Amino acid sequence: ADGLFAASASKSSTTQDAAIRFWLKSSESDDVWGVVENAIVAHYLTVVHLFFSPDDRLLLSVSRDRHWAIID
């Protein structure tokens, strides 16, 4: 909601590549994002959708592996 936190995933064919990574915007610059150290492995194929809940507490991920996950 405040635009300081983001999540990403990349095209993948392995579990390791399907990891969801979290990013935090730097307080020093609008163009600098730092990756949060721990990635979440919830899928084994490409993640096609990521949705944050309105309060930014939960993240829904949907994958080509025909599974979805809710991450707290």
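Please read these numbers as outputs of a predicted model, since none were measured by experiment.

(A) Main features of the environment of Ile-20. Along the chain, Ile-20 falls in the loop between strand E1 (5–8) and strand E2 (21–25). Since its relative accessible area comes to 0%, Ile-20 is described here as buried. Here the alpha-carbon distance between Ile-20 and His-43, two residues 23 residues apart in the chain, equals 8.8 Å.

(B) Main features of the sheet that holds E2. Pairing in this open sheet of three strands is antiparallel, and the strands run E1-E2-E3 from one edge to the other. Taken across any chain shown, the strands that pair with only one partner, and hence form the sheet edges, are E1 and strand E3 (33–35). Neighbour-to-neighbour, the strand axes of the sheet open up by a mean angle of 30°, direction not taken into account. Here three bridges tie E2 to E3, and the two strands are oriented antiparallel to one another. Bridge pairing links Leu-24 to Gly-34 in E3.

(C) Up close: the sheet that holds strand E5 (residues 59–63). What the three strands build is an open sheet, ordered E4-E5-E6; its pairing is antiparallel. At either end of the open sheet lies a strand with only one pairing partner, and these are strand E4 (47–52) and strand E6 (68–71). Strand-to-strand twist of the sheet, defined as the mean angle between neighbouring strand axes without regard to direction, takes the value 15°. By the bridge criterion, four bridges tie E5 to E6 in an arrangement that is antiparallel. When the bridges of E6 are listed, Leu-60 appears paired with Ile-70.

What counts, and where the lines are drawn
- Residues numbered from 1 in each chain as written.
- Predicted model: local features only at pLDDT ≥ 70, side-chain atom pairs only at ≥ 80, totals over all residues.
- Heavy atoms only, no water.
- Helix = DSSP H or I, 4+ residues; strand = E, 2+ residues; numbered from the N terminus.
- Buried < 20%, exposed > 50% of the residue type's maximum accessible area, 1.4 Å probe, protein only.
- Pairing = 2+ DSSP bridges.
- Axes fitted to C-alpha atoms, helices over the stretch in contact; angles between N-to-C directions.

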